[in-house]
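Overview (structure and organization)
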Amino acid sequence: MSQTSPPTLLRIDSSARVDGSHSRQLADWAQAAWQAAHPGGELIRRDLTTQPIGHIQAATIQGFYTPDAQMTPETRAALAQSDELIAELMGAHTLLISAPIYNFSVPSALKAWIDQVVRINRTFRFDGQGFEGLVKQPRVVLALAYGASGYAAGPMAGLDHLRPYLTSLFQFLGMTDVRVLTAEATTADANTVSSSLAAAKAQVHTLFAQEATVT
């Protein structure tokens, strides 16, 4: 991806644990790898735990479907956070999402962010026949942590509504390049956790290996 301005990494953290979070640790490694490949790049980081995103309200939804010519000051105020978050997303070179699996799906903090950025005629459109994603630029890196094992291939695979959901969502919005970094069994014994994290870390260097000279 070529840009006239420095590329931007937009990092979104969603684990309720600020300290001791395995998904955040995966994202730390991915961030370091991206910054090594893009030393002139900029970082925007949103921690959805320490700075929560507001859930959409009736006024927000109304605003999503209101034509620009009919916007009122109240409607624009209801859309202010959505506008800000979408601008960050549209301007990003890479979107890095860190998330643990909570009850087989995404943390509610991350869902709040998603609901603000999935917006008709801004990040996707419908022409009466089908949908088109409008977020063409960023590639996505998912840093995902699973407390149990067997999600990638095993008895828990059918209960994984984290990775498939996020992958499908971002592809729906137009981001076809989705890369995934995972660690499973993060609630197991120390040796198992260490082994799982080491295996994930070994994959980090491959995320941006071909981009060292790309800006």
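Residues numbered from 1 in each chain as written. Predicted model: local features only at pLDDT ≥ 70, side-chain atom pairs only at ≥ 80, totals over all residues. Heavy atoms only, no water.

**Regarding the packing of aromatic side chains**
Tallied over the full model, the rule gives five aromatic pairs. Arranged with centres 5.3 Å apart and planes meeting at 50 degrees, the rings of F124 and F172 form a pair that is tilted. Of this pair, F124 sits in strand β4 (residues 124–126) while F172 sits in helix α6 (residues 163–172), placing them 48 residues apart in sequence. Taking the relative accessible area as the measure of exposure, F124 reaches 10% and is therefore buried. Seen in terms of ring centroids, Y146 and Y151 are 4.7 Å apart; in terms of plane orientation they differ by 40 degrees. Their pairing is tilted. Exposure class is identical for Y146 and Y151. Each is buried. An aromatic cluster of three or more residues is present, and its members are F124, F126, F131 and F172. (Phe/Tyr/Trp six-rings, centres within 6.5 Å; stacked < 30°, edge-to-face > 60°. Helix = DSSP H or I, 4+ residues; strand = E, 2+ residues; numbered from the N terminus. Buried < 20%, exposed > 50% of the residue type's maximum accessible area, 1.4 Å probe, protein only.)

**So, the pairing of strand β1 (residues 8–13)**
Most of β1 sits inside the fold, with six of its six residues counted as buried. Burial of the side chains of β1 extends over both faces: T8, L10 and I12 are buried on one face and L9, R11 and D13 on the other. For the handedness criterion, the β-α-β arrangement of β1, helix α1 (residues 22–37) and strand β2 (residues 42–47) is classed as right-handed. Bridge analysis of β1 against strand β3 (residues 94–100) gives five bridges, and the strand direction is parallel. (Right-handed = clockwise from strand over helix to strand, strands pointing away. Pairing = 2+ DSSP bridges.)

**Brief notes about the nonpolar core**
By size, the foremost hydrophobic cluster in this structure holds 34 residues, and its most contacted members are L95, I97, L110, W113, L166 and F170. Among the elements of the structure, β1, α4 (80–90), β3, α5 (108–117), β6 (139–145) and α6 are those that each provide at least two residues to this core. Excluding its chain neighbours within four sequence positions, the residues that come into contact with L110 are I12, S14, L48, I97, A99 and L166. In this structure, L181, V193, V204 and L207 belong to the second largest nonpolar core, which totals 19 residues. (Core = buried A, V, L, I, M, F, W, Y, C linked by side-chain atoms within 4.5 Å. Contact = heavy atoms within 4.5 Å.)

**Section: the packing of α1 against helix α7 (residues 190–204)**
Relative to each other, α1 and α7 sit at 25 degrees, their axes nearing to 10 Å. By the angle between their directions, the pair α1 and α7 is classed as roughly parallel. For α1 against α7, the interelement crossing comes out right-handed. Between α1, through H22, Q25, L26, W29, A30 and A33, and α7, the contact on the second element is made entirely by V193, L197, A200, K201 and V204. The residue inventory of the contact of α1 with α7, partitioned by class, reads eight nonpolar, two polar and one charged. (Axes fitted to C-alpha atoms, helices over the stretch in contact; angles between N-to-C directions. Parallel < 35°, antiparallel > 145°, perpendicular 65-115°, else oblique. Left-handed = near helix turned anticlockwise from the far one by under 90°. Nonpolar A, V, L, I, M, F, W, Y, C, P; charged D, E, K, R; others polar.)

**A word on unusual backbone geometry**
In this structure, N103 is a non-glycine residue whose phi angle is positive, near 50 degrees. Tracing the backbone shows N103 in the loop between β3 and α5. Although it is not a glycine, F104 sits at a positive phi angle of roughly 75 degrees. On the secondary structure map, F104 appears in the loop between β3 and α5. Residue class for F104 comes out partly exposed when judged on its relative accessible area of 34%.

**Focus on the pattern of salt bridges**
Evaluation of the coordinates by the stated rule reveals 12 salt bridges. R11 serves as the salt-bridge partner of D13, at 3.1 Å between the closest nitrogen and oxygen. Note on R11: relative accessible area 0%, which makes it buried. Between R24 and D47 there is a salt bridge; the shortest N-O distance is 2.7 Å. Taken together, the residues span a long stretch of sequence, with R24 in helix α1 and D47 in strand β2 at a distance of 23 residues. (Salt bridge = Lys/Arg side-chain N within 4 Å of Asp/Glu carboxyl O.)

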